[in-house]
Amino acid sequence: MAVFSGDETAPFFGFLGAAAALVFSCMGAAYGTAKSGVGVASMGVMRPELVMKSIVPVVMAGVLGIYGLIIAVIISTGINPKAKSYYLFDGYAHLSSGLSCGLSGLSAGMAIGIVGDAGVRICRANAQQPKLFVGMILILIFAEALALYGLIVGIILSSRAGQSRAD
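The name that an unreviewed UniProt entry assigns to the protein chain is V-type proton ATPase proteolipid subunit, with the source organism given as Platanthera guangdongensis. Listed under Subcellular location (unreviewed entry) in UniProt, the entry text for the protein chain is "Vacuole membrane".

Set out below in structure tokens:
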């Protein structure tokens, strides 16, 4: 049997972080896409010429899954206990990295879905106030920024793995 250096349970936490990043970010992306898509579909019944312009929230929600994928790949490439010692500190760093990116992606997806649905229905379908479209886009950008903050913190936390002990 090969010699294992480090803590044998540490990779569990690292892989859990990679899974959390991808799963939670994709849940946010799916919710945002579904909720915004319902708004676009209901708007398309009354004003079909505005469907393409109102698809912005769906695209923004889809980007959230990519954030989780990026962190999951970064974490999974950092887990190689046979090449370099992998300690609990490293596993916890990867777990916190995945959770920060995944949960911020989930919350951003919920915000994008709710704002996208309400914004598209109110601004476009009934043509009550088309000038609110710019405001809706700004709110969507700020909601997307929440996931971007989680991505940045996730990258910083995953870079801390491997710094627990001098090898």
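## A few points about the overall build of the protein chain
Assigned secondary structure in the protein chain consists of four helices and zero strands. Among the 167 residues that make up the protein chain, the fraction classed as buried is 43%. Considering only contacts in the protein chain between residues 6 or more positions apart, those separated by 24 or more positions represent 85%. For the protein chain, the exposed area adds up to about 8,500 Å²; of that, 73% sits on carbon and sulfur atoms.

## Considerations on the packing of helix H2 (residues 56-77) against helix H4 (residues 132-160)
The interhelical angle for the contact between H2 and H4, taken along N-to-C directions, is 0 degrees, at an axis separation of 10 Å. As judged from the angle between their axes, H2 and H4 are roughly parallel. Contacts between H2 and H4 involve Val56, Pro57, Met60, Val63, Leu64, Tyr67, Ile70, Ile71, Ile74 and Ile75 on the former and, on the latter, Met136, Ile137, Leu140, Ile141, Glu144, Ala147, Leu148, Leu151, Gly154, Ile155 and Ser158. Tallied by class, residues from the contact of H2 with H4 come to 18 nonpolar, two polar and one charged.

## Side note on H2
Helix length check: H2 (22 residues) gives 33 Å between terminal C-alpha atoms against 32 Å at 1.5 Å per residue, within 8%. Among the residues making up H2, those that are buried are Pro57, Val58, Met60, Ala61, Leu64, Gly65, Tyr67, Gly68, Ile71, Ala72 and Ile75.

## Some words on the UniProt feature "transmembrane region" (unreviewed entry) in the protein chain
As annotated by UniProt and renumbered to match this structure, "transmembrane region" (unreviewed entry) occupies residues 12-34, 55-75, 95-120 and 132-157. The distance separating the terminal C-alpha atoms of residues 12-34 is 32 Å; by composition the span is 100% helix and 0% strand.

## Focus on the confidence of the model for the protein chain
Confidence along the protein chain averages 87 in pLDDT terms, with 89% of residues attaining 70 or more. Taking the mean pLDDT of every element in the protein chain, the minimum, 89, falls on helix H3 (residues 88-125) and the maximum, 93, on H2.

## Looking at the packing of aromatic side chains
Here a ring pair, both rings aromatic, is described through the centre-centre distance and the interplanar angle of the planes. Applying the stated criterion to the full structure yields two aromatic pairs. Ring centres 5.3 Å apart and planes at 75 degrees place the aromatic pair phenylalanine 12 and phenylalanine 13 in the edge-to-face group. Here phenylalanine 12 falls in the exposed class, since its relative accessible area comes to 51%. Members of the aromatic cluster, joined through ring pairs, are Phe12, Phe13 and Tyr92.

The rules behind these values
Residues numbered from 1 in each chain as written. Predicted model: local features only at pLDDT ≥ 70, side-chain atom pairs only at ≥ 80, totals over all residues. Heavy atoms only, no water. UniProt positions renumbered as here; feature names shortened; annotations may be inferred. Helix = DSSP H or I, 4+ residues; strand = E, 2+ residues; numbered from the N terminus. Buried < 20%, exposed > 50% of the residue type's maximum accessible area, 1.4 Å probe, protein only. Contact = heavy atoms within 4.5 Å. Areas by Shrake-Rupley, 256 points an atom, 1.4 Å probe, with all protein chains shown as cover. Axes fitted to C-alpha atoms, helices over the stretch in contact; angles between N-to-C directions. Parallel < 35°, antiparallel > 145°, perpendicular 65-115°, else oblique. Nonpolar A, V, L, I, M, F, W, Y, C, P; charged D, E, K, R; others polar. Expected span 1.5 Å × (residues − 1). pLDDT = per-residue confidence, 0-100. Phe/Tyr/Trp six-rings, centres within 6.5 Å; stacked < 30°, edge-to-face > 60°.

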